[in-house]
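The primary structure of each chain is shown beneath.
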Amino acid sequence: MRSVSVFGVTGSIGESTYDLLLRQGGSEAFRIVALSGGRNVARLAEMARTLRAEVAVTAFDTCLPALREALAGSGVKAAAGPAALLEAADHPADWVMSAIVGAAGLAPGFRALRHGATLALANKESLVTAGPLLLAEAARHGARILPVDSEHSAVFQALVGEEMSAVERIIITASGGALRDWPLERLAHATVSDASQHPNWAMGQRITIDSASLFNKAMEVIETREFFGVDPVQIEVLVHPESMVHALVGYKDGALMAHLGAPDMRHAIGYALNWPRRAPLPVARLDLAKLGQLTFRAPDEARFPALRLAREVMEAGGLAGAVFNAAKEAALDGFIAGRIGFLRMAALVEEVLSQMSSRQRLGNAALSLDNVLGIDGETRVVARGLIDTGRI
Ligand code: NAD
Ligand code: MG
């Protein structure tokens, strides 16, 4: 029986993973080792009971009493806090879903690789902040990382049976997010609610706002570079408002292999869950005749500077990805809290990147988990300082 852990099971990716695990037989088909969540302990306990998990972990110590109470009599162990998350990742599982949002997802996924798990990686922050470390850890322990981000799953699928040396370019698509047609003057006044309405995908609030600012796509460009090992100049972004084509791989003979599917994350999650085989999935089938047409256009970097920043980060290398991610997370916190405007997020990230790189040579710094987590903390302090003093 395959053993499975899901980190971030109460989130948007987590719920979809839970849905697929149930549809594929639940506790009859899988031995569920660990499930983790945040403050939503009632939902976490319900999922842990249904799947007969061995342990349920809330990220927050203060939530432990409520989790214990919700699990009373179930036989599921309750635990809390970052150390408990790592401990849960130390319980070996064959397949581990990494679906915590933000840099908090890095350490548990990293730890699971040590035990040779197949890591289904939704947490793109892991690759942006520590890509080379993560891949080296996987190689060291004979573990495998499977992409879960829809674009990267699409690229992965379009590469089946091909040689990487035949790849000329990788094109990832972007819906353009909630504000894709807004003029610059209006973007300055976009509210949290405006930025939280994704046209095609139902996702967590943070990634939805990152889609509107194109920071999500910027993160995905870096993720593409790290995961597939291609040169930054080989990666292109194409705005495709319908979100039906998720990515394309261009080969040196001029062929483009596209991956199409309905915008439903259960496709990419289900592919990773059943890989290397395919299993029937409960996703809508595309009726291309009914759709009639699909449209594409170039991204507008004047309105959305995130993509330019991603290229600078890739050029710098080293710890620049960790700084970029932490600055972006702090900017997003500031925007959600109503402390900075929509366009100030990119301005803040750019300023923080420039201040941090003048303090130390980010590109040359040794990449270790400690260094990544250390600079993550430092960067957030600098970013919050700029917000607090109104300099952004
Ligand atoms: P979400 O906000 O819906 O869920 C996040 C999960 O992480 C929840 O279970 C929450 O309890 C947990 N969590 C939050 N803060 C935590 C902390 N500090 N420590 C431990 N756990 C914590 O997020 P989501 O939209 O499901 O996204 C999860 C990850 O997947 C992100 O990295 C995101 O970029 C990536 N992703 C999401 C989608 C999508 O469709 N939602 C698509 C592609 C990639
Ligand atoms: Mg994506």
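Residues numbered from 1 in each chain as written. Chains lettered and ligands numbered in written order. Predicted model: local features only at pLDDT ≥ 70, side-chain atom pairs only at ≥ 80, totals over all residues. Heavy atoms only, no water.

1. As for the site of ligand 1
- Thr10, Ser12, Ile13, Gly38 and Glu125 are the nearest of the 23 residues found near ligand 1.
- Contacts to ligand 1 include threonine 10, whose side-chain N or O atom sits 2.7 Å from an oxygen atom.
- At a separation of 2.9 Å, an oxygen atom of ligand 1 approaches a polar backbone atom of isoleucine 13.
- In the complex, 85% of the free accessible area of ligand 1, which totals 820 Å², lies under the protein chains.
- Of all elements in the fold, only helix H1 (12-23) and helix H7 (124-140) reach the threshold of two or more residues within the shell around ligand 1.
- Of the residues belonging to the shell around ligand 1, the class tally is twelve nonpolar, eight polar and three charged. (Near = heavy atom within 4 Å. Polar contact = N/O pair within 3.5 Å; in protein donor to acceptor, adjacent residues only side chain to side chain. Areas by Shrake-Rupley, 256 points an atom, 1.4 Å probe, with all protein chains shown as cover. Helix = DSSP H or I, 4+ residues; strand = E, 2+ residues; numbered from the N terminus. Nonpolar A, V, L, I, M, F, W, Y, C, P; charged D, E, K, R; others polar.)

2. As for the coordination of the magnesium ion (ligand 2)
- Bound to the magnesium ion (ligand 2) on the protein side are Asp149 (OD), Glu151 (OE) and Glu220 (OE), at distances that span 2.1 to 2.2 Å.
- All donor residues of the magnesium ion (ligand 2) come from one chain, and their arrangement in sequence is D-x1-E-x68-E. With glutamate 151 in helix H8 (residues 150-158) and glutamate 220 in helix H12 (residues 215-228), this residue pair connects regions lying 69 residues apart in the sequence. Of the two residues, glutamate 151 and glutamate 220, neither departs from the other in class, the shared state being buried. (Donors = N, O, S within 2.8 Å, 3.2 Å for Na, K, Ca; no water. Buried < 20%, exposed > 50% of the residue type's maximum accessible area, 1.4 Å probe, protein only.)

3. Focus: the packing of aromatic side chains
- If you walk through the whole model with that rule in mind, you get six aromatic pairs.
- Between phenylalanine 156 and phenylalanine 227, the aromatic rings sit 6.3 Å apart at their centres with planes inclined by 70°, giving edge-to-face as the arrangement. Taken as a pair, phenylalanine 156 in helix H8 and phenylalanine 227 in helix H12 lie far apart in primary sequence, 71 residues in all. Here the two residues phenylalanine 156 and phenylalanine 227 agree in accessibility, since each one is buried.
- Consider the rings of phenylalanine 156 and tyrosine 271, whose centres lie 6.4 Å apart with planes at 80°: the pair is edge-to-face. (Phe/Tyr/Trp six-rings, centres within 6.5 Å; stacked < 30°, edge-to-face > 60°.)

4. Overview of the pattern of salt bridges
- For the coordinates displayed, the defined rule picks out 24 salt bridges.
- One salt bridge in this structure joins arginine 206 and aspartate 333, with 2.9 Å as the shortest N-O distance. In this pair, arginine 206 is assigned in helix H11 (residues 205-213) and aspartate 333 in helix H16 (residues 320-336), connecting sequence segments 127 residues apart.
- Arginine 206 gets classed as partly exposed once you look at its relative accessible area, which sits at 23%.
- Aspartate 333 gets classed as partly exposed once you look at its relative accessible area, which sits at 34%.
- Linked by salt bridges that have partners in common, Lys124, Asp149, Glu151, Lys217 and Glu220 make up one network. (Salt bridge = Lys/Arg side-chain N within 4 Å of Asp/Glu carboxyl O.)

5. Notes on a nonpolar patch on the surface
- On the surface, a cluster of nonpolar side chains totalling about 290 Å² of accessible area is made up of Leu260, Leu286, Leu288 and Leu291.
- When you line up the elements, leucine 286 lands in the loop between helix H13 (266-274) and helix H14 (288-291).
- The exposure class assigned to leucine 286 is partly exposed, which follows from its relative accessible area of 31%. (Patch = residues over 30% accessible without salt bridge, like charges linked within 9 Å, V, L, I, M, F, W, Y side chains within 5 Å.)

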